[in-house]
There are 2 protein chains.
Amino acid sequence: MRAAVYHGRRDVRIEDVPEPSVAPGELKLRVGYNGICGTDVHEFFTGPHLIPHDHPHPRTGAVLPLVIGHEFAGEVVDVGDGVEDFAIGDRVAAEPISNCGTCRLCRRGAYNLCTQIAFQGSDALHGGLAEYTVVDAIKAHRLPDGLGLDVGALVEPLSVSYHAVRHAAPEPDETVVVYGGGPIGVGAFLALRARGVQRIVVVEPSADRAAILTGLGADIVLDPAEEDAAARIAELTDGYGADVSIDAAGVAASFGAAVATTAKQGRVVLVATFHGPVSFEPNVLVFGERRILASCGYRGEDYDAVIRLLAAGRYPTDSWVERIGMEELVVGGFEALHEQRAMKVLVDVRAGLDG
Amino acid sequence: MRAAVYHGRRDVRIEDVPEPSVAPGELKLRVGYNGICGTDVHEFFTGPHLIPHDHPHPRTGAVLPLVIGHEFAGEVVDVGDGVEDFAIGDRVAAEPISNCGTCRLCRRGAYNLCTQIAFQGSDALHGGLAEYTVVDAIKAHRLPDGLGLDVGALVEPLSVSYHAVRHAAPEPDETVVVYGGGPIGVGAFLALRARGVQRIVVVEPSADRAAILTGLGADIVLDPAEEDAAARIAELTDGYGADVSIDAAGVAASFGAAVATTAKQGRVVLVATFHGPVSFEPNVLVFGERRILASCGYRGEDYDAVIRLLAAGRYPTDSWVERIGMEELVVGGFEALHEQRAMKVLVDVRAGLDG
């Protein structure tokens with residue numbers, strides 16, 4: 001089958017690899033679309049980071065060269081032994097998480113924090129940038145009629161944001177600031193609006209991204225290079241600060257701003273991956289009983305919530321998602337995302353194939 | 001009346017000042033004991049910090065020279081108009097908090113986070129190191145028979161710790177690490193034990209303090225200068241880390257260690273005051289959904305809980321508390337605490353007075 005295989009830094013090749021087959025409890029999917037994540041871009045330009053390159057992952061056996069991609073949706077074409085609740089022809093989005101099932105976190109249901117967690121397409125086998133993949137049936141979520149496989153491929157990143165907003169647990173009357181208007185920030189904005197949050201402020205320096213957010217209905221998008229975002233947030237909140245700040249950017253500036261513009265008793269939610277340490281004044285937390293919460297990935301309930309919201313039309317996706325074919329992966333995918341010429345890119349893995 | 005008056009750095013004088021009188025809603029107390037807090041020591045040696053020195057506090061009018069002390073208990077000797085639930089002769093511990101009563105935090109009941117908060121004896125009037133003080137009746141808590149005014153003066157610092165443990169909300173089977181075995185750490189240990197927490201680890205480099213904690217029943221006290229505390233905590237928790245880490249030290253080393261030795265889904269609780277910024281890796285929070293919670297002061301429910309626990313004999317205080325007279329305040333109080341020759345010092349404000 002045709003697949004995008006990561007061989008190393010700046011070396012992803014579209015090549016022919018063997019089709020995977022199902023084991024008990026698994027589903028084989030014919031992939032429709034697979035989205036490109038910021039971590040994929042990071043692996044392409046500066047990796048390998050998460051992709052095992054010298055030793056195979058001890059549990060999954062993954063090691064480069066490896067089929068990448070973890071944001072996918074597809075149609076069930078084979079069903080492993082013991083799977084009762086899916087049938088050939090079902091259309092699903094599937095969590096790409098491979099977890100041990102036995103550690104304390106897995107036993108608590110917090111499998112997104114498994115001590116030996118791995119992700120399909122990075123340190124587990126069966127990436128989604130391929131004609132076929134296999135998934136654990138327990139991680140698959142049926143897509144309702146009318147929800148395309150392209151939209152289905154967005155369930156994974158949107159679930160990251162939904163999970164973060166779940167941690168924040170905002171009330172509808174609270175003021176929430178989202179730092180960073182990239183795909184995770186957009187997902188956070190949509191999740192907040194779905195929860196009825198009336199006042200959502202997005203802080204985003206890119207004019208293109210700000211325009212997308214405004215088009216999605218964001219009333220307040222601040223450019224921190226052009227105006228004093230902290231002063232605006234203080235003004236909007238009678239000087240108290242935001243009830244919730246979501247750091248969807250993951251840099252020292254966004255972290256510092258998120259802590260500084262949060263109200264007493266407010267919550268700072270970290271959802272981005274950082275690339276180094278940050279420095280801050282813990283007293284700002286102490287004297288205001290401000291909390292820092294952290295969100296990592298998602299769980300099945302987030303997939304379910306996002307799928308229902310997408311099906312209900314509450315999550316518009318037209319304005320911020322682009323579609324490309326496999327052969328455009330590097331230029332139209334990794335490079336376009338790296339240079340912020342695109343917000344979200346989905347790869348149509350079937351384009352150009354027969355049948 | 002005799003009082004300890006702060007005039008400036010290293011300048012606290014025992015002198016004669018006018019007796020305060022009650023306003024409506026207030027109680028006048030004849031003080032029994034007043035404890036010395038780390039913040040008092042800090043004001044004495046390096047202040048003024050919190051004590052207003054150039055402009056009076058805009059709401060309370062406090063400015064040096066000022067009667068210090070905020071950890072006190074006394075006997076009611078006068079009752080202001082409108083106070084129904086206290087009578088002359090009642091023995092009380094009182095929260096030394098002066099709050100505005102109108103800001104959003106006060107209206108939520110979070111008056112410990114009032115935007116204009118002030119403390120008696122630092123930026124509000126009527127410190128407790130005096131023969132008499134006055135308090136808001138709503139902040140007073142009756143001491144049951146058998147609980148001395150010396151023990152009553154411990155309710156304030158013990159409530160700081162109790163409030164922090166309330167934020168942590170540990171389950172009895174969880175492992176809790178307390179960084180710092182000073183008065184707040186001791187209070188945290190006692191509050192954790194009162195909540196039934198079975199495994200409490202205290203990390204404390206001072207042998208004297210470690211001995212006190214061991215005497216109070218702490219099973220595991222680690223000296224981070226002598227052994228690898230992180231390795232011991234990992235070993236005790238099957239490699240997962242502590243469910244809760246309470247930073248009762250407030251230095252870069254304790255903060256870093258608390259974050260590093262906390263399990264996925266664990267809580268780091270900050271209760272100490274820090275004296276500068278810290279640097280850390282936010283990814284440690286993100287990848288484990290670890291949370292940083294912060295605790296500031298206390299509220300009435302903490303005072304009530306601590307008084308009940310003291311009355312029930314669940315909070316031994318013999319081994320870690322010393323009593324001095326007013327004239328010993330500097331040498332036996334500030335200096336002894338600064339040099340860690342004492343854990344907790346209570347001043348008997350009546351000692352040496354007639355009657």
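As shown above, the structure is provided for reference.
Predicted, not measured: the structure shown is a model, and the values here were computed from it. (Residues numbered from 1 in each chain as written. Chains lettered and ligands numbered in written order. Predicted model: local features only at pLDDT ≥ 70, side-chain atom pairs only at ≥ 80, totals over all residues. Heavy atoms only, no water.)

**Student:** What should I look at first to understand the sheet that holds strand β1 (residues 2–8) of chain B in this one?
**Tutor:** Backbone-to-backbone hydrogen bonds join strands into a sheet, with any given pair of strands oriented parallel or antiparallel. Residue and element names in this part refer to chain B. What the three strands build is an open sheet, ordered β2-β1-β4; its pairing is antiparallel. Every interior strand has two partners, whereas the edge strands, β2 (11–16) and β4 (66–67), have only one. Sheet topology places β1 next to β4; two bridges connect them, and they run antiparallel. By the bridge assignment for β4, V5 is matched with V67. (Pairing = 2+ DSSP bridges. Helix = DSSP H or I, 4+ residues; strand = E, 2+ residues; numbered from the N terminus.)

**Student:** Sorry, what's going on with the interface of chain B and chain A here?
**Tutor:** The accessible area lost on association of the parts is a frequent measure of interface size. Chain B puts 43 residues into the contact, and the matching count from chain A is 43 residues. Carbon and sulfur atoms make up 57% of the surface buried where chain B meets chain A, a total of about 3500 Å² over both sides. Considering only the surface of chain B that becomes buried against chain A, B:R104, B:Y240 and B:E289 emerge as the three largest contributors, covering 18% of it. The tally of links from chain B across to chain A stands at four salt bridges. Between B:D243 and A:R104 there is a salt bridge, and its shortest N-O distance comes to 3.4 Å. At the level of elements, α2 (104–107), α4 (155–168), β15 (262–270), β16 (278–280), α9 (282–288) and β17 (291–294) of chain B are the ones that each hand at least two residues to the side of chain B that touches chain A. No other element matches the six residues that α9(B) contributes to the side of chain B that touches chain A. Residue composition of the side of chain B that touches chain A, by class: 22 nonpolar, 12 polar and nine charged. As defined by bridge partners, strand β16 (residues 278–280) of chain A adjoins β16(B) across three bridges and the pair is classed as antiparallel. In the sheet register, A:V278 faces β16(B), and the bridge partner there is B:F280. (Contact = heavy atoms within 4.5 Å. Buried area = accessible area lost by both parts, 1.4 Å probe. Salt bridge = Lys/Arg side-chain N within 4 Å of Asp/Glu carboxyl O. Nonpolar A, V, L, I, M, F, W, Y, C, P; charged D, E, K, R; others polar.)

**Student:** Which parts of the structure should I look at to understand the side chain of A:H163?
**Tutor:** Residue position: A:H163 is located in helix α4 (residues 155–168). Since its relative accessible area comes to 3%, A:H163 is described here as buried. Separated by 2.8 Å, the side chains of A:H163 and A:D302 make a polar contact. Contacts of A:H163, omitting those with residues within four sequence positions, involve A:N112, A:S295, A:C296, A:G297, A:Y298, A:R299, A:D302 and B:E289. (Buried < 20%, exposed > 50% of the residue type's maximum accessible area, 1.4 Å probe, protein only. Polar contact = N/O pair within 3.5 Å; in protein donor to acceptor, adjacent residues only side chain to side chain.)

**Student:** Could you clarify how one ought to interpret the pairing of β1(B) in this entry?
**Tutor:** The side chains of a regular strand alternate between both faces of the sheet. Residue and element names in this part refer to chain B. In terms of burial, β1 is largely enclosed, as six of its seven residues are buried. One ladder, built from six bridges, connects β1 with β2; its direction is antiparallel. Counterpart to G8 in the pairing with β2 is D11. Taking the residues that link successive antiparallel strands as the turn, the β1-β2 hairpin has two residues, and the phi of R10 there is positive, at about 55°.

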